[in-house]
Amino acid sequence: MSKRPIAEPYKIKMIQVLRQTTKEERQRTIATAGYNTFLLHSADVYIDLLTDSGTSAMSDDQWAGMMLGDEAYAGSVNFDNLIAAVTEVYGYRYTVPTHQGRGAEHILSQILIKDGDYIPGNMYFTTTKLHQELAGGTFVDVIIDEAHDPQSTHPFKGNVDLAKLQQLIDEVGPEKIPYICIETNVNMAGGQPVSLDNLRKVRDLCNQYGIKVILDSTRTVENAFFIQEREAGNKNRSIKEIVREICSYTDGATVSGKKDCLVNIGGFLATDDEWLFEEAKKLVVIYEGLHTYGGLAGRDMEAMARGMREAVATDDGVTWRINQTRYLGEQLLAADIPIVVPIGGHAVYLDAKRFLPHIPQDQFPAQTLAAALYVECGVRAMERGIVSAGRNKETGDHNYPQLELVRLTIPRRVYTNSHMDVVAQGVIDLYARRAEISGLKMVYEPEDLRFFQARFEPC
Ligand code: PM9
């Protein structure tokens, strides 16, 4: 029997009209935006692949839930629905809502980190690392070496290198390590998963030393897809079951609901640890809002509760999503465009070092490439290289990450594969004239999270 193609597991019932611009317009617009795609107006963008964060299309069920917002200051029905959904989907007993993921990171870091502590993690994430540093900690990368190699085809490039973790414990002592932060579907590595086997081993090692395991569970559903596909013994398990198993090896999680949970705003801190929960409740009222809304409207909590259930109700949503990411990635591979392999969950990452080998890293090849791609075809992407990596706090020099990437991030349920065809052709056309592209210099640099607002000019 012939193999039937798979299609979107939904149909479209509301649309937003897109505007196309000319190349000349885009040349002016990107210059006005200081060659930083974060500073473009969305109205000037044709296909927006800046991020999958808060950019999902919600379902009719989520929109219906928005109408059931119980906008009480305290004890909203939607909060009860949220904690029930978190327990059902992720398995944690206690939940503290926050306005988005970094709100949860802030609270967690302030509770667990003391001045001089070390926080190992499977590669840094920008906001996570900054909150660890603001709390007095130092992030230590303990991801496997393959994660830093865009051409390594390791199936679980998000895995922790247990020898690196052991070395850190031996060097600084376990009392200086309050927790390890494990990110699923590691964003800065190219959307790469961590395996269940690795998680179990991390848990065992941390148990020996009394170190907590905290999950950045922002994209755990996507990670579960790769486990189902690649890790022996998981083929016949549901995504929902695998998500629960991932969380079972951890003491708690920070979550940006703006990704897997299919909402435009929202996040939470969840845990089984009663002490951590009590401490989080004390801080959330200072920084976010009462512990039963944490900076969110009742309707936002309802949409997030419904979204997280929807994300695992069947395997179809996440299967389609990763299929679409691969649809784009495989077109680029077929045209010999250098991208990170294996193709990740939420995005295709262009390897700017190989795309623009004539631009030295301190002339920001990925920033340059993202700007050039916008001018080429109106597609907005995000730099994930030296600009995102910021500066070394001690030397003042840039951090020079091995990965110098441009992320083509796919919003959930928003674009069709025809849009992906347009993106692919734009990248291919740009690659054909890559030698004409020259680098940038930074002319304005904020101290923290500089990638959001930095400005550039052509060299
Ligand atoms: N991620 C992204 O585009 C949005 C901001 S870009 C700095 O990928 C992880 C793994 C994330 C993440 C946000 C956050 C923070 C934490 N962990 O944006 O605060 O990918 O909801 O979440 C972005 P919030």
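Structure: see above.
Residues numbered from 1 in each chain as written. Predicted model: local features only at pLDDT ≥ 70, side-chain atom pairs only at ≥ 80, totals over all residues. Heavy atoms only, no water.

So, the packing of aromatic side chains
Right, so step 1: Taken as a whole and assessed by the stated rule, the structure comprises nine aromatic pairs.
Right, so step 2: Note on Phe225 and Phe226: the rings are 5.6 Å apart at their centroids and 80° apart in plane angle, and the pair reads as edge-to-face. Note on accessibility: Phe225 and Phe226 belong to one class, buried.
Right, so step 3: Clustering of aromatic rings is evident, with ring pairs tying together Phe38, Phe451 and Phe452.
Right, so step 4: For the cation-ring pair, Lys129 lies above Tyr124, with the distance from its terminal atom to the ring centre recorded as 5.7 Å.
Right, so step 5: Here the guanidinium or amino end of Arg434 rests over the ring plane of Tyr431, the centre of that ring lying 3.8 Å away. (Phe/Tyr/Trp six-rings, centres within 6.5 Å; stacked < 30°, edge-to-face > 60°. Buried < 20%, exposed > 50% of the residue type's maximum accessible area, 1.4 Å probe, protein only. Lys NZ or Arg CZ within 6 Å of the ring centre and 35° of its normal.)

What to know about the packing of helix H1 (residues 23-32) against helix H14 (residues 365-377)
Right, so step 1: H14 packs onto H1 with a crossing angle of 150° between their chain directions and a minimal axis gap of 7 Å. In terms of orientation, H1 and H14 fall into the roughly antiparallel class. Here H1 contributes Lys23, Arg26, Gln27, Thr29 and Ile30 to the contact with H14, which in turn contributes Ala371, Tyr374, Val375, Glu376 and Cys377.
Right, so step 2: Here the residues of the contact of H1 with H14 are counted per class, giving five nonpolar, two polar and three charged. (Axes fitted to C-alpha atoms, helices over the stretch in contact; angles between N-to-C directions. Helix = DSSP H or I, 4+ residues; strand = E, 2+ residues; numbered from the N terminus. Parallel < 35°, antiparallel > 145°, perpendicular 65-115°, else oblique. Contact = heavy atoms within 4.5 Å. Nonpolar A, V, L, I, M, F, W, Y, C, P; charged D, E, K, R; others polar.)

Quick notes on the nonpolar core
Right, so step 1: In this structure, Tyr90, Ile180, Phe268 and Met308 are the most contacted members of the largest nonpolar core, which totals 56 residues.
Right, so step 2: Tallying contributions element by element places helix H11 (residues 298-313) first for this core, with seven residues.
Right, so step 3: For Ile180, the contacting residues outside a window of four places in its chain are Pro120, Gly121, Val142, Val160, Leu165, Val202, Cys206, Ile211, Lys212, Val213 and Ile214.
Right, so step 4: By size, the runner-up hydrophobic cluster in this structure holds 34 residues, among which are Val341, Ile343, Phe355 and Tyr431. (Core = buried A, V, L, I, M, F, W, Y, C linked by side-chain atoms within 4.5 Å.)

Considering the pattern of salt bridges
Right, so step 1: All chains considered together, the criterion is met by 35 salt bridges.
Right, so step 2: Arg321 is the partner of Asp52 in a salt bridge, and the nearest nitrogen-oxygen pair spans 3.5 Å. Highlighted residues: Asp52 in the loop between strand E1 (47-48) and helix H2 (60-66) and Arg321 in helix H12 (residues 316-334), separated in sequence by 269 residues. For the residue pair Asp52 and Arg321, the accessibility class agrees, reading buried in each case.
Right, so step 3: Between Arg354 and Asp351 there is a salt bridge, with the nearest N and O atoms lying 2.7 Å from each other.
Right, so step 4: Under the relative-accessibility criterion, Arg354 is labelled partly exposed at 30%.
Right, so step 5: Note on Asp351: relative accessible area 4%, which makes it buried.
Right, so step 6: Salt bridges linked by common partners bring Asp52, Arg219, Glu222, Arg321 and Arg412 together as one network. (Salt bridge = Lys/Arg side-chain N within 4 Å of Asp/Glu carboxyl O.)

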